[in-house]
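Take a look at the letters that make up each chain.
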Amino acid sequence: MKRFFGRKPAMTLAVIFACAGLTAGCSSADDTEEETDEIVEVEEAEDEDTDETEVQENMVGAVSYIGSSYISVEIYTSDDEIENYAILDSSTLTLTEDAASITTDDDTEYYRAAKGLLIPIERDDIEKENMIASVTTEDGVHQMILLDTEISEETEAKVAEVAEVTNDSISLTLYSYIGEDEESAIVIDISQYEASEDTEEYIIPDEAEFLLAEDGYASEGEASEIEVGDIIVIYTDANGGTTIIVYNSVE
């Protein structure tokens, strides 16, 4: 209305009085169009917000850049479907020409994969050129997994039950593999083993790494946390390194 005020004040006043006399108020087609445009713009903005909250696609890649709220990667693919990122052998992956930036926030969880388990780490533990997997769990939790690049068939594994604990050694009842598939030292399924009649006195190496395992996850532990009745898996890699995984409760 203001655009007519300087030219036809009488007409403008008449229109104002006419509008004041209507119980339903005074509105023009232009005003309606403006309101409609505003509604459309709001709806479009809401749609954009919805797109931003969609679950990120699972992917594997080599870290190329680490930002404050994202990690950029060069994407790798696998010929086979990846079912367990904790045992993914990165040497079997193929580099593509694609790249992506993976958004992270305060709710993102960070792990490193080792011996088929996921061990909590900090975001700062991830470095350029690391192989990582970005995964969203069934519960909607976003995980960044630092892949195990030391997976090797040369690794030896021993499964046993702790019969006695002393200061520097443990007495073990060794377990035998009873599974139908070929035994793998990379991932141990405790349910495929049973106690044998063989025993062993095992001296714990000073440099051994201890992991306390439960439901596919693990935390770093110490030798003092081993108890009688625990099931343990002793890994020895090709370089002589030892990792002892302790299962405090196995059904």
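In this report, we go over the structure that sits alongside the text. Worth saying up front: this structure is predicted, and the values here are computed from it rather than measured.

Structural notes on the overall build of the protein
Piece 1. Along the protein, the regular secondary structure elements total two helices and 14 strands.
Piece 2. For the protein, the residues scored as buried account for 33% of the 251 residues in total.
Piece 3. Taking as baseline every contact in the protein between residues at least 6 positions apart, the subset at least 24 positions apart corresponds to 60%.
Piece 4. Accessible area for the protein stands at about 16,800 Å²; split by element, carbon and sulfur atoms hold 44% of it.

A short note on the side chain of Ser 90
Piece 1. Note on placement: Ser 90 falls in the loop between strand 2 (70–77) and strand 3 (94–103).
Piece 2. For Ser 90, the residues in contact, after removing those within four places along its chain, are Met 131, Leu 147 and Thr 149.

Considering the nonpolar core
Piece 1. Counting residues in each nonpolar core, the largest one holds 16 residues, and the members touching the most others are Val 159, Ile 188, Ile 190, Ile 231, Val 233, Ile 245 and Tyr 247.
Piece 2. Secondary structure elements with two or more residues in this core: strand 5 (117–120), strand 11 (209–214), strand 13 (231–236) and strand 14 (242–247).
Piece 3. Ignoring sequence-local partners within four residues, the contact set of Tyr 247 consists of Ile 190, Ala 213, Asp 230, Ile 231 and Val 233.
Piece 4. Counting 15 residues, the second-largest nonpolar core is a separate cluster that includes Leu 174, Leu 212, Ile 244 and Val 246.

Some words on the pattern of salt bridges
Piece 1. Enumeration according to the criterion identifies three salt bridges in this entry.
Piece 2. Arg 112 is paired through a salt bridge with Glu 220; the nearest N and O atoms lie 3.7 Å apart. Highlighted residues: Arg 112 in strand 4 (residues 109–114) and Glu 220 in strand 12 (residues 217–220), separated in sequence by 108 residues.
Piece 3. Given a relative accessible area of 58%, Glu 220 falls into the exposed group.
Piece 4. Between Lys 158 and Glu 200 there is a salt bridge, with the nearest N and O atoms lying 2.9 Å from each other. Here Lys 158 is found in strand 8 (residues 156–165), whereas its partner Glu 200 is found in strand 10 (residues 193–203), with 42 residues between them in sequence.
Piece 5. One network of salt bridges, with partners in common, ties together Arg 112, Glu 209 and Glu 220.

Brief notes about the packing of aromatic side chains
Piece 1. Inspection of the entire model under this criterion finds three aromatic pairs.
Piece 2. Relative to Tyr 217, the ring of Tyr 111 lies with its centre 5.3 Å away and its plane at 55°, an arrangement referred to as tilted. Here the residue Tyr 111 occupies a position in strand 4, and Tyr 217 occupies one in strand 12, the gap between them amounting to 106 residues.
Piece 3. Here Tyr 217 falls in the partly exposed class, since its relative accessible area comes to 33%.
Piece 4. Above the plane of the ring of Tyr 235 lies Lys 115, whose end atom (NZ or CZ) is 5.6 Å from the centre.

Rules of the game
- Residues numbered from 1 in each chain as written.
- Predicted model: local features only at pLDDT ≥ 70, side-chain atom pairs only at ≥ 80, totals over all residues.
- Heavy atoms only, no water.
- Helix = DSSP H or I, 4+ residues; strand = E, 2+ residues; numbered from the N terminus.
- Buried < 20%, exposed > 50% of the residue type's maximum accessible area, 1.4 Å probe, protein only.
- Contact = heavy atoms within 4.5 Å.
- Areas by Shrake-Rupley, 256 points an atom, 1.4 Å probe, with all protein chains shown as cover.
- Core = buried A, V, L, I, M, F, W, Y, C linked by side-chain atoms within 4.5 Å.
- Salt bridge = Lys/Arg side-chain N within 4 Å of Asp/Glu carboxyl O.
- Phe/Tyr/Trp six-rings, centres within 6.5 Å; stacked < 30°, edge-to-face > 60°.
- Lys NZ or Arg CZ within 6 Å of the ring centre and 35° of its normal.

Read these as spatial facts, not as claims about activity.
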